[in-house]
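Summary of structural features
Spelled out from the first residue to the last, the chains are:
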Amino acid sequence: MADPEPELVLRSTHVVTPEGPRAASVAVSLATGTIAAVLPYDAPVPPRARIEELGDDVLLPGLVDTHVHVNDPGRTEWEGFGSATRAAAAGGITTLVDMPLNSIPPTTTVEALEIKRAVARRAAHVDVGFWGGAVPGNAADLKPLHDAGVLGFKCFLLPSGVDEFPQLTPAGLHSALREIAGFGGLLIVHAEDPHLIEGAPAPSGPAYADFLASRPRDAENRAIERLVELARELDARVHILHLSSAEALPLIAAARSDGVRVTVETCPHFLTLTAEEVPDGATEFKCCPPIREAANQDALWQGLADGTIDCVVSDHSPCTADLKTGDFGGAWGGISSLQLGLSAVWTEARRRGHTLHDVVRWMSAGPAALVGLDRLKGAVAAGHDADFAVLAPDETFTVDPTALHHRNQVTAYAGRTLHGVVRSTWLRGRKIADHGIPTEPTGRLLERQLRA
């Protein structure tokens, strides 16, 4: 059967393709929602196809954010599938993966997964996948969750912050990882050593320096070292979440060179914000692990440049404004950045001499590969879903929290001037956000893709 006729052509002088940026016309089949072809810029427009002239605005593949706390159901006053996916669409994200907490119930059984899917199905503006959770006592639920289509499993090595999602002990981690490795799954880990953190000074009060001292980077380093050894022992696939400590990068690189199947992500706030600039009492900057010093940030950027760090994802972890008290000990730890990640990372990337091709690798292709969706997402290439973000890379805007679609307009980026204005976002060839205004929800629920 012949491929469906292209019904839409997006033409730009700057299209970021896997081979690099170039002027191109991207032909889309609306019948399938996929890219039919990436053609020369001046290629004739097929008959009956509508053309969308983008001029010098850059056509990127839609971003894939694999670390989002939607909190729905159960804590919808913190966020929700409607508000989170509107923010994602406005920020150029076309696919997100929801964390198994802080929803109630957490995604630790198939029943809980179906509850969450029912809520997301009617509200999603972008495509949504789901992580399962590995917690004490649910080893028998892991394979059924895998078979039901979750993209992998998250665990904590120390208290998560919510009672309904407890951490794994060392023995529990070994048992869960052995089970997950047995069916070829992926374990993603909040890697901080609980004993080192228990031995650090307890945080309290408004001083950021005191909070930073309570989460020493050696807690990350030690936990990652043990996780790597366990992955080596069990021949398991593991992913390190929200890397903050750049000191762990040589260990990760050495493990990979030895064949250990370990990947790692970092987040926009670690790449764009520094400990030195956090004002006292400004708990909108609080996250765990914490934002560290400028020299550490430089080393994280080097890890991105040399490929040790695989991807950049938001770790969007919102809460209600009242939980962001002025006390770093008691305030909720999480940074809201879902709508702002592309612009925040691009602002710093361009300053450091990186390109939008690099940003696409970190924020679209890399996360898509992590969760096995890279045959559908993460590239402007024939056969992929026609998911796009259209960016004006040289335009700037100042972050106004009231203009964000997050349910709670609390963000560490308030008042910052960022480069890169998202003009529009497209999902399977349909425009889902125009100048920051989302359309009606048309997102789909995603499951783990079986490899041919």
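Keep in mind that what you see is a predicted model, and the values were worked out from it rather than measured.

Some points on the pattern of salt bridges
This model, assessed by the stated rule, comprises 30 salt bridges. In this structure, the salt-bridge partner of Asp218 is Arg222, at a minimum N-O distance of 3.5 Å. Of the two residues, Asp218 and Arg222 both sit in helix 7 (residues 217–234), four residues apart, roughly one turn of that helix. Using a relative accessible area of 30% as the deciding quantity, one classes Arg222 as partly exposed.

Side note on the packing of aromatic side chains
All told, the structure shown has eight aromatic pairs when counted by the stated rule. On the basis of an interplanar angle of 65° and a centroid distance of 6.2 Å, the ring pair of Phe81 and Phe130 is categorised as edge-to-face. In this pair, Phe81 sits in helix 1 (residues 81–90) while Phe130 sits in strand 7 (residues 127–130), placing the two residues 49 residues apart along the sequence. The interplanar angle of 70° and the centroid separation of 5.4 Å between the aromatic rings of Tyr208 and Phe328 together place this pair among those described as edge-to-face. Of this pair, Tyr208 sits in helix 6 (residues 208–214) while Phe328 sits in the loop between strand 13 (311–312) and helix 11 (341–351), and the two are 120 residues apart along the sequence.

Here we look at the side chain of Ser245
Structurally, Ser245 can be placed in the loop between strand 11 (237–240) and helix 8 (249–257). Classification of Ser245 by relative accessible area gives buried; the value is 0%. Setting aside anything within four residues of it in sequence, one finds Ser245 in contact with Arg217, Glu220, Asn221, Arg292 and Asn296.

A look at the packing of helix 7 against helix 8
The contact between helix 7 and helix 8 brings their axes to 10 Å, and the two run at 10°. By the angle between their axes, helix 7 is roughly parallel relative to helix 8. Between helix 7 and helix 8, the contacting residues are Asn221, Ile224, Glu225, Val228 and Arg232 on the first element and Leu251, Ile252 and Ala255 on the second. Residues that form the contact of helix 7 with helix 8 fall into these classes: five nonpolar, one polar and two charged.

Description of the environment of Glu52
Looking at the secondary structure, you find Glu52 in strand 4 (residues 50–61). Sequence separation of Glu52 and Pro441 is 389 residues, and the distance between their C-alpha atoms is 22 Å. Setting aside anything within four residues of it in sequence, one finds Glu52 in contact with Leu8, Val9, Leu10, Arg11, Trp426 and Lys431. A polar contact of 2.9 Å, which involves the side chain of Glu52, links it to the side chain of Arg50.

Some remarks on the packing of helix 3 (residues 139–147) against helix 4 (residues 170–182)
Look at helix 3 against helix 4: their axes get within 10 Å of each other, and the N-to-C directions meet at 30°. When the interaxial angle is binned, helix 3 and helix 4 end up roughly parallel. Where helix 3 crosses over helix 4, the handedness of that crossing is right-handed. Together, Ala139, Leu142 and Lys143 of helix 3 and Ala176, Glu179 and Ile180 of helix 4 make up the contact between the two elements. Tallied by class, the residues present in the contact of helix 3 with helix 4 amount to four nonpolar, no polar and two charged.

Topic: the nonpolar core
Within the largest apolar cluster, 100 residues are counted, with the highest numbers of intra-cluster contacts made by Leu60, Phe153, Leu187 and Val359. Take this core: its biggest share by element is seven residues, from helix 7. Setting aside chain neighbours within four positions, we find Phe153 in contact with Trp131, Gly132, Gly133, Ala134, Leu142, Leu145, His146, Ile180, Phe183, Leu186, Leu187 and Ile188. Of all hydrophobic cores here, the second largest spans 15 residues; its members include Leu8, Ala24, Ile35 and Val380.

The rules behind the values
- Numbers given for residues are sequential positions, taken from 1 along each chain in its written order.
- Residue-level local features of this predicted model are given only where pLDDT is at least 70; pairs of side-chain atoms are given and counted only at 80 or more, and the full residue set underlies all totals for whole chains, interfaces and linings.
- Where side-chain values are given, they derive from all heavy atoms of the structure, hydrogens and water being excluded.
- We define a salt bridge as a side-chain nitrogen of Lys or Arg found within 4 Å of a carboxyl oxygen belonging to Asp or Glu.
- Helical segments are the DSSP runs of H or I of at least four residues, strand segments are the runs of E of at least two, and each set is numbered from the N terminus.
- Relative accessibility under 20% of the residue-type maximum defines a buried residue, over 50% an exposed one, and the middle range a partly exposed one, all with a 1.4 Å probe and only protein chains included.
- Planes of paired rings set the category: under 30 degrees apart is stacked, over 60 is edge-to-face and the rest tilted, where pairs are Phe, Tyr or Trp rings (Trp by its six-membered ring) whose centres lie within 6.5 Å.
- Whether two residues are in contact is decided by their heavy atoms, any of which lying within 4.5 Å being enough.
- Axis lines are fitted to C-alpha atoms, over the contacting stretch for helices. Their N-to-C directions set the angle, which ranges from 0 to 180 degrees.
- An angle counts as roughly parallel when it lies under 35 degrees, as roughly antiparallel when it exceeds 145, as roughly perpendicular when it falls between 65 and 115, and as oblique in every other case.
- Following the grouping adopted for this structure description, the nonpolar residues are Ala, Val, Leu, Ile, Met, Phe, Trp, Tyr, Cys and Pro, the charged ones are Asp, Glu, Lys and Arg, and the polar ones are all others, Gly among them.
- In protein, a polar contact means a hydrogen-donor-capable atom and an acceptor-capable atom, both N or O and within 3.5 Å, with residues adjacent in sequence counting only if both atoms are side-chain atoms; elsewhere, any N or O pair within 3.5 Å suffices.
- Two helices crossing with the near one rotated counterclockwise from the far one by less than a right angle form a left-handed crossing, whereas a clockwise rotation gives a right-handed crossing.
- We call a set of buried residues a nonpolar core when its members are Ala, Val, Leu, Ile, Met, Phe, Trp, Tyr or Cys and they connect through side-chain atoms within 4.5 Å of each other.

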